[in-house]
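Reading the structure
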Amino acid sequence: MTPEARLQALFADETPPPRDLAFEAEVARRVAARRAVLRVAALLPLAVAVAALLWAVRPYLAGLTFPAAAVPAMTAGGLAMVGALMLVWMSGRFSAA
């Protein structure tokens, strides 16, 4: 047996198995889908709480009247506030990972 053959025999047990890229891609897809479902499921109680709060304050909000010119500005402000809160929440979620 030649020295090269001895080295090949010695290192034969340590060679990594071939990679199956299709299998790895499928596993990654399933992991991502599961994480997405779990994230939506985690947000469900928050959505229910917000819906209940809005339902509770609905009679009060129905009695308010706003000038027509203020409605677009209030809508834009509300959307900006929701966007800012989501950015703060998402940055806190991703910084821990």
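Keep in mind it's a predicted model, so treat the numbers as computed, not measured.

**So, the overall build of the chain**
For the chain, the helix and strand inventory stands at three helices and zero strands. For the chain, the α and β elements follow one another from N to C terminus as α-α-α. At 28 Å, the chain has a C-alpha radius of gyration far larger than the 13 Å of a compact globule built from 97 residues. Along the longest, intermediate and shortest principal axes, the C-alpha atoms of the chain span 95 × 25 × 25 Å. Per-residue burial over the chain gives 0% buried out of 97 residues.

**Notes on the confidence of the model for the chain**
Confidence in the prediction for the chain averages 84 pLDDT; 94% of positions are at 70 or higher. When pLDDT is averaged over each helix and strand of the chain, the minimum, 81, is found for helix α1 (residues 3-11) and the maximum, 90, for helix α2 (residues 21-62).

**Focus on the environment of Phe66**
Tracing the chain through its elements places Phe66 in the loop between α2 and α3 (70-95). Residue Phe66 is classed as partly exposed on the basis of its relative accessible area of 46%. Beyond its immediate chain neighbours, meaning those up to four positions away, Phe66 contacts Val71 and Met74.

**Considerations on the pattern of salt bridges**
Tallying each qualifying case throughout the model produces three salt bridges. As a salt-bridge pair, Glu24 and Arg19 come within 2.9 Å of each other at their nearest N and O atoms. Arg19 sits in the exposed class, given a relative accessible area of 62%. Ionic pairing is found between Arg29 and Glu26, a salt bridge with its closest N-O pair at 2.7 Å. Here the residue Arg29 and the residue Glu26 both occupy positions in helix α2, the gap between them amounting to three residues, near one helical turn. Assessed through its relative accessible area of 30%, Glu26 is described here as partly exposed.

**Here we look at the environment of Val88**
Within the secondary structure layout, Val88 lies in helix α3. Separated by 63 residues in the primary sequence, Val88 and Ala25 place their C-alpha atoms 31 Å from one another.

**Points about α2**
Over its 42 residues, α2 extends 58 Å from the first C-alpha to the last, a length consistent with the 62 Å expected when each residue adds 1.5 Å. If you look at α2, its biggest bend is around 40 degrees, right at Ala56, and the proline Pro59 turns up within four residues after that.

About the cut-offs
- Residue positions are counted from 1 within each chain, in the order its sequence is given.
- Only residues with pLDDT of at least 70 get local features here, since the model is predicted, and only at 80 or more are side-chain atom pairs given and counted; chain-wide, interface and lining totals rely on the full set of residues.
- As a rule here, side-chain values come from all non-hydrogen atoms in the structure, and water together with hydrogens is ignored.
- By the criteria applied, helices consist of DSSP H or I runs no shorter than four residues and strands consist of E runs no shorter than two, each listed in order from the N terminus.
- A radius of gyration in this sense is built from C-alpha atoms; the matching globule rule multiplies 2.2 Å by the number of residues raised to 0.38.
- With a 1.4 Å probe rolled over the protein chains alone, any residue whose accessible area is under 20% of its type maximum counts as buried; one over 50% counts as exposed, and the rest are partly exposed.
- Here pLDDT means the predictor's own confidence in every residue, given as a number from 0 to 100.
- The contact criterion used throughout is that any non-hydrogen atoms of two residues lie within 4.5 Å.
- Take a side-chain nitrogen of Lys or Arg and a carboxyl oxygen of Asp or Glu: if they are within 4 Å of each other, that pair is a salt bridge.
- Helices are assigned an expected span. That span is 1.5 Å times one less than the residue count.
- A residue's bend is the angle separating two fitted axes: one through the seven residues that end there, the other through the seven that start there.

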